[in-house]
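Here are the chains, one letter per residue:
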Amino acid sequence: MAERSQLQLPCTFDNGRFARFVPFGDGREVIVRRGSERGFDYGLPQGEREVELAEERFTVTRYVALLSPPLARPGSPAIDPARFKPEVEVLRLPDAELMLPRQPDGFSDDEVAQIFAAVAFVPDESER
């Protein structure tokens, strides 16, 4: 029987293909994409690492996006350049992609480990 991944964290939205989770209740979100939502362009790959979940190894890829800053207006406060090169990590599972913001204002290494620990695999009821 096939398995489906579950993220056992507080969820604020889930339509089956796209979901938002707020693991620490502070507004930072983990985005989960399934089905036709998978394959999103996260930016330029910066490297990969492997993690072990439920005795299986999965790839986590770090991406940086290059965004255009708005035009600066005279007298406006300076814009933090890091906001226009956000970094995310994407965990690819057989049935889903989990996107976790890292920089700026994203999850720390310890928080990412806690989020990955909340991934569970359950029998896929849609296969019955």
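Residues numbered from 1 in each chain as written. Predicted model: local features only at pLDDT ≥ 70, side-chain atom pairs only at ≥ 80, totals over all residues. Heavy atoms only, no water.

Focus on empty space enclosed by the protein
Item 1. Per the counting criterion, the structure on display carries one cavity of 30 Å³ or more.
Item 2. Reported here for the largest cavity is a volume of approximately 30 Å³.
Item 3. Looking at which element gives the most residues to the lining of the largest cavity, the answer is strand 1 (residues 3–7), with three residues.
Item 4. Residues of the lining of the largest cavity, tallied by class, amount to six nonpolar, two polar and one charged. (1 Å grid on protein atoms, 1.4 Å probe; cavity = no way out; pocket = protein on both sides within 12 Å on 5 of 7 lines; lining within 4 Å. Points joined across faces, edges and corners; volume = space filled by probe spheres on them. Helix = DSSP H or I, 4+ residues; strand = E, 2+ residues; numbered from the N terminus. Nonpolar A, V, L, I, M, F, W, Y, C, P; charged D, E, K, R; others polar.)

Let's talk about the pairing of strand 2 (residues 11–14)
Item 1. As defined by bridge partners, strand 2 adjoins strand 3 (residues 18–21) across three bridges and the pair is classed as antiparallel. Within strand 3, the position partnered with Phe-13 by the bridge is Arg-20.
Item 2. Here strand 2 folds back onto strand 3, and the loop between the two strands holds three residues, one of which, Gly-16, carries a positive phi near 95°. (Pairing = 2+ DSSP bridges.)

Things to note about helix 1 (residues 109–117)
Item 1. Listed as buried for helix 1 are Glu-111, Val-112, Ile-115 and Phe-116. Burial along helix 1 is one-sided: seen end-on, the buried residues are contained in an arc of 140°. Opposite its buried face, helix 1 presents the exposed residues Asp-110 and Ala-117, each directed more than 90 degrees away. (Buried < 20%, exposed > 50% of the residue type's maximum accessible area, 1.4 Å probe, protein only. Arc of directions from axis to C-beta.)

What to know about the environment of Arg-57
Item 1. Structurally, Arg-57 is set in strand 6 (residues 56–64).
Item 2. Sequence separation between Arg-57 and Leu-93 is 36 residues, and the spatial gap between their C-alpha atoms is 9.5 Å.
Item 3. With sequence-adjacent residues up to four places away left out, Arg-57 is seen in contact with Glu-50, Val-51 and Glu-52.
Item 4. Among the polar contacts listed, one links the side chain of Arg-57 to the side chain of Glu-50, at a separation of 2.9 Å.
Item 5. In terms of polar contacts, Arg-57 uses its side chain to reach the side chain of Glu-52, at 3.4 Å. (Contact = heavy atoms within 4.5 Å. Polar contact = N/O pair within 3.5 Å; in protein donor to acceptor, adjacent residues only side chain to side chain.)

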